[in-house]
Every structure is written in structure tokens, then in C-alpha cells.
Amino acid sequence: MTVSGDITDGIEIDEPNKTVRIRRSYRAGVDRAWWAWTDAEAISRWWGPQGWTATVYEMDVRAGGRWRFQIAPADGSAAPVRSIATYTTVVDRAELAYDDEFADEAWQPDGTGTFPTRVGFTSTDTGCTVDIAATFPDEPALQRAVELQMAEGYAEALGRLADLLDDPQNDHTDEPATEGAPTMSTVTSTDGTTITYEQTGSGPAIIVISTVAEDHTGVAGIAAALSEDFTVINFDRRGRGASGDPQPYDPAREIDDIAALIDVAGGSAALTSGSGGCGLALDAATALGGKVTGLYLYEPPFIVSDSRPPAPADYVEHQEALVATGKRSEAVEYFMTRMIGVPAEYISMMKQDPSWDEMAKYAHTYAYDGRILHGLQDGKPLPADRWSIDAPIAVAVGGNGEAFMREAADALAAILPTVTVMTLPDHDHSAFWMAPEAVARQARAFLLG
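### Some thoughts on the side chain of serine 243
Within the secondary structure, serine 243 sits in the loop between strand 12 (231–235) and helix 6 (251–265). For serine 243, the side chain forms a polar contact with the main-chain oxygen of aspartate 236, separated by 2.6 Å.

### Some details on the sheet that holds strand 13 (residues 269–274)
Taken in spatial order, the 8 strands line up as 9-10-12-11-13-14-15-16 in an open sheet, and their pairing is mixed. Looking at strand neighbours, the two that pair on one side only are strand 9 (184–188) and strand 16 (419–424), the edges of this open sheet. For this sheet, the mean angle separating the axes of adjacent strands, direction not counted, is 25°. The sheet contact formed by strand 9 and strand 10 (residues 194–201) spans 5 bridges and is antiparallel.

### A short note on the sheet that holds strand 2 (residues 19–26)
Read across the sheet, 8 strands follow the order 1-2-8-7-6-5-4-3 without closing on themselves; strand pairing throughout is antiparallel. Every interior strand has two partners, whereas the edge strands, strand 1 (10–14) and strand 3 (52–59), have only one. Across the sheet, the axes of successive neighbouring strands diverge by a mean angle of 20°, strand direction being ignored. Helix 4 (residues 150–165) rests against strand 1, strand 2, strand 3, strand 6 (95–103), strand 7 (109–124) and strand 8 (127–135) of the sheet, and its axis sits at about 20° to strand 2.

### Details of unusual backbone geometry
A cis geometry characterises the amide bond from glutamine 247 onward to proline 248, with omega recorded as 0°. Mapping proline 248 onto the fold places it in the loop between strand 12 and helix 6. A positive phi is found at glutamate 299, a non-glycine position, where the angle reads about 50°. Exposure remark for glutamate 299: the relative accessible area of 1% places this residue in the buried category. Positive phi, close to 65°, is recorded for aspartate 426, a residue that is not glycine.

### As for the packing of aromatic side chains
Per the stated rule, a full pass over the model turns up 18 aromatic pairs. Consider the rings of tryptophan 46 and tryptophan 47, whose centres lie 5.5 Å apart with planes at 75°: the pair is edge-to-face. In this pair, the class of tryptophan 46 matches that of tryptophan 47, namely buried. Among the aromatic residues, ring-to-ring pairing joins Trp34, Trp37, Trp46, Trp47, Trp67, Phe69, Tyr87, Tyr98 and Phe121 into one connected group. We note arginine 68 situated over the ring of tryptophan 107; from NZ or CZ to the ring centre the distance is 5.0 Å. The ring of phenylalanine 404 has arginine 308 lying over it, and the distance from NZ or CZ to the ring centre is 4.9 Å.

### Description of the layout of surface pockets
By volume, the largest pocket is sized at about 1,000 Å³. Lining of the largest pocket is provided by 32 residues; of these, Thr211, Phe335, Met336, His429 and Trp433 occupy positions nearest its centre. Secondary structure elements with two or more residues in the lining of the largest pocket: helix 9 (328–340), helix 11 (354–361), helix 12 (364–372), helix 13 (403–415) and helix 14 (431–434). Of the residues forming the lining of the largest pocket, the biggest block, 4 residues, is contributed by helix 9.

### Description of the environment of arginine 93
Within the fold, arginine 93 resides in the loop between strand 5 (81–91) and strand 6. What arginine 93 contacts, discounting residues up to four positions off in sequence, is Val30, Asp31, Trp34 and Phe121.

### Remarks on the pairing of strand 4 (residues 66–73)
Burial analysis of strand 4 places 7 of its 8 residues in the buried class, which makes it a mostly covered element. As paired elements, strand 3 and strand 4 share 7 bridges and run antiparallel to each other. Bridge pairing links threonine 55 to glutamine 70 in strand 4. Sheet topology note: the strand 4/strand 5 ladder contains 6 bridges and is antiparallel.

### As for the pairing of strand 2
In terms of strand pairing, strand 1 meets strand 2 through 5 bridges, oriented antiparallel. Each bridged residue has a counterpart across the sheet, and for isoleucine 13 the counterpart in strand 2 is valine 20. Counted along the chain from strand 1 to the antiparallel partner strand 2, the turn is 4 residues long, and its residue lysine 18 has a positive phi close to 50°. Pairing geometry for strand 2 and strand 8, over 8 bridges, is antiparallel. The partner of arginine 24 across the bridge, within strand 8, is valine 130.

### Observations regarding the pattern of salt bridges
Overall, the coordinates contain 23 salt bridges when judged by the stated rule. Across the pair glutamate 254 and arginine 237 runs a salt bridge, and its minimum N-O distance is 2.9 Å. A residue pair is termed long-range when its members are at least 10 positions apart, and glutamate 254 in helix 6 and arginine 237 in the loop between strand 12 and helix 6 qualify at 17 residues. When sorted by exposure, glutamate 254 lands in the same class as arginine 237, which is buried. Since its relative accessible area comes to 0%, arginine 237 is described here as buried.

### A look at helix 7 (residues 277–288)
Given 3.6 residues to a turn, an α-helix orients residues that are three or four positions apart in the same direction. Its 12 residues give helix 7 an end-to-end C-alpha distance of 16 Å, which sits within 8% of 16 Å, the value for a rise of 1.5 Å per residue. In terms of burial, helix 7 is largely enclosed, as 10 of its 12 residues are buried. If you check which residues of helix 7 are buried, you get Gly277, Cys278, Gly279, Leu280, Ala281, Leu282, Asp283, Ala284, Ala285 and Leu288. Within two residues after helix 7, glycine 289 carries a phi angle of roughly 55°, on the positive side.

### Some thoughts on the packing of helix 8 (residues 315–324) against helix 9
Where helix 8 contacts helix 9, the axes come no closer than 8 Å and their chain directions differ by 155°. Classified by the interaxial angle, the pair formed by helix 8 and helix 9 is roughly antiparallel. You can see that helix 8 and helix 9 cross each other, and the crossing is right-handed. In this structure, helix 8 contributes Tyr315, His318, Gln319, Leu322 and Val323 to the contact, and helix 9 contributes Arg328, Glu330, Ala331, Tyr334, Phe335 and Met339.

### Structural notes on the nonpolar core
Soluble globular proteins: nonpolar side chains tend toward being buried together. Counting 49 residues, the largest nonpolar core has Ile207, Ile258, Leu282, Leu295 and Phe302 as its most contacted members. Counting residues per element, this core draws most heavily on helix 7, which supplies 7 residues. With sequence-adjacent residues up to four places away left out, phenylalanine 302 is seen in contact with Gly279, Leu282, Leu373, Leu376, Gln377, Leu382, Trp387, Phe404, Ala408 and Leu412. The next biggest cluster of nonpolar side chains, apart from the first, holds 43 residues, and it includes Ala28, Ile71, Ala162 and Leu164.

Cut-off values and rules
Residues numbered from 1 in each chain as written. Predicted model: local features only at pLDDT ≥ 70, side-chain atom pairs only at ≥ 80, totals over all residues. Heavy atoms only, no water. Helix = DSSP H or I, 4+ residues; strand = E, 2+ residues; numbered from the N terminus. Polar contact = N/O pair within 3.5 Å; in protein donor to acceptor, adjacent residues only side chain to side chain. Pairing = 2+ DSSP bridges. Axes fitted to C-alpha atoms, helices over the stretch in contact; angles between N-to-C directions. Contact = heavy atoms within 4.5 Å. Buried < 20%, exposed > 50% of the residue type's maximum accessible area, 1.4 Å probe, protein only. Phe/Tyr/Trp six-rings, centres within 6.5 Å; stacked < 30°, edge-to-face > 60°. Lys NZ or Arg CZ within 6 Å of the ring centre and 35° of its normal. 1 Å grid on protein atoms, 1.4 Å probe; cavity = no way out; pocket = protein on both sides within 12 Å on 5 of 7 lines; lining within 4 Å. Points joined across faces, edges and corners; volume = space filled by probe spheres on them. Salt bridge = Lys/Arg side-chain N within 4 Å of Asp/Glu carboxyl O. Expected span 1.5 Å × (residues − 1). Parallel < 35°, antiparallel > 145°, perpendicular 65-115°, else oblique. Left-handed = near helix turned anticlockwise from the far one by under 90°. Core = buried A, V, L, I, M, F, W, Y, C linked by side-chain atoms within 4.5 Å.

Next up, the structure:
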């Protein structure tokens, strides 16, 4: 149905112009409404329909800038929806216009089209009005939006916005409501890939490198513990979280990502990682030289003898084949049984844990880290010419860890003169994630003296 002329608060479906219009009046003034639309923390509190939560990964409010966000039902009843909006017009306190596109897990447009959207802000005697006009490329796209109740979703979001604007406890129009809470920022790597990170704490800089099949949230514990003494940068490695994932994958680009983050930190930083991420940390320290001030590595999983089975010779190719055919759960199982050595009879129980689905989500990263660790897990001595690092390196092993981890630490010390092998008593391989305070104490003692 087409409604002509001005509309009061409500929804208008303009079929001839393939546009959905939504209007809402507020008691708050334009300044406050503008803040709610242009502050990343503020918009995350109301964006999306009732019962959904929003996460903002990037918000650069200027013509040509991007707004990347995800909305997901709080109860997990549906998959998250990701979007990339590129601002085309920004008129302070008057107009926002952006081209909106749905995105996949790698933050690439999903091909369903671009939806130009305009948001207008107008002062009134009693407050302000916000008008939204979303235009669709063709009639089927408009009908799909109607069937998906996009307009109703907008209307619900604008209702949630009223709760924020009318809340007397939220009187500041230029400050985030949660003082001191970390917010996600982005940096552009050498190849143009967006890398998302959060920065916390103060002091000398340290970058936390996550391991396989996890994003920055997987190492949030160690990042928080280190932030008591360091300026900590914790980031989504490419292919994880909100960072990009251009293809084909090249391990060298991950070093470029770390270099970009070191620039954010002021030009130098220490690196820390646990398990599989240690290979990337060593490669980065070699490539970046004096920009890396030190390393703390926890239990690098290098296999340097026949004390345990090596990685399968076709490990990377097999993982890539599984992911290419959509067998992500099988890829996790292959990693667990063939690389970690989990007995097959335990797998069915492990699949019942929610963490299994998260690992399956990042199953493509098993091949990524497999490429980085190539030549380090085949049961042979470590290559003597791969790394050259002048910065001090701590290689820690758990007192309750597996013997081959101690072998790997000693092997590193044999080829790198700046390595100090340390023991974390009463802990095993999980300490980097499950006992972050103990790991952080040892790391800060080594790196800060």
C-alpha cells in the first residue's frame, strides 16, 4: 500500500519508489538524538528490534567512513546478522546517509545488494523527530524487506531509542555511559584488511596473540590480567571475530597486521601468546626486529622428536578440504584427534559443549595456523635459520604439562641465545586461558624485571 503526503509517527511503505519510511518523535532535542546515532557505545544500547543485542565493531562517522555492526537475538534463537554501512552524507545534527549491505562472517558483502538509507533529524517545539528512509534496488528486495518485517524492526529499535533518550540517568550527550569499558577499534593492515582490536590498561605496550579457532575473547582473561601493568592490545586475528579475511590466506599478512598494531601502540611492543600462536609471535619478532621489545610464550606446541606423533603430512590440505565441503565439525574432530590426541570416545561428549560450535565457526583457522606451524611439528629438530631475535624471550612450560612441551622449550633455547626457559608450577597447557593471573605474574616479572 502507498501512503502519500507527510506521515505522522509510524511506517510508510512507498512501493513506487521502493522505499520504507519510518518516523518517530522524541521529547529529547536534536543534540541528544544525534549523539545516540553517532556514538558507538550509545547506538549499541538500542539498535535492533526488541530482544536483540547489537555489537558495533567500527563507527567512523564521516563521508566515506564505515559503520560495521552485528545484531543477534539475546536468546540465541537465530543466527547473527552482520552489516556494513558506508556513510555518504554527514551533516552535523541534521542528516546521516549511508549505503547498507549485509555481510558474511568475514565481513565481506554477501551479494544481496546495497540499500541506501537516509536519517533526518529535525527540531520541534517539543523535542525532535527522526525520519528514516531505506530504499531498495528492486520490487522483490522491497517485498523481502516487508516480509522480514524490517520496518517493524526499525520501529522497535526507535522505541528502544526513546527509552535511552528519555532516561534521566543518561544526561551526557558526548560521553559513553560506561566509563572505562573497553571499546573495539580498527586499524587497516598493509593489504587493506580491517583488523579489529581493543586497548586497555596503561604502561609499556604488549600485544596478545590468540591461538587457533578463537577470536580476541578467547584470551580476554590474560589481556585483563596484563592490563594492570601494561597497555594491552588484544585483537581479532584475520579470519576471526570482526577482522577481515581476504583470500588466498598468506601467513605473512598476519605479521603485517601485528606491525600495524605496533604502530598503534606507539612503535614498539612486547608480544605474548600461548600454544599455536607462539609460532606467529616468533615469526613476527624476527620480521619486525627492534619494534618487538620482548616475548613471553607459553608452551609452544612444537614437536621436535619422536616422543609423540608428528602432525599428519597432509594436515593443512585435509583441513582445507573439510572446510571447503562444509564439514566444519569434522575439521574440529580431526584437529582434536590427530593433533591434540584426544581419544575418539571423548569426542561425542565434547560436542555437547557450546565451545564446540565456536570452534567449528573458526574451523578454517586450523589450516591457517597449520601453515604457520609448517616444519615445527614434524618430529624433527627446529630449523636453525627461521628465527633471529635480539629481544629477550621467555618460554614457559607448565609444571604439570606434557614432556614434549619441555623438549620444545629446550630446543628453542638451543637455537636462540636470548631464550630463558621457565616453569609455571602446578599448571598445565590450559594455564594461558584458565589461570591468567598466574601467567601474567610470570610474564610481568620477566618483561618488566
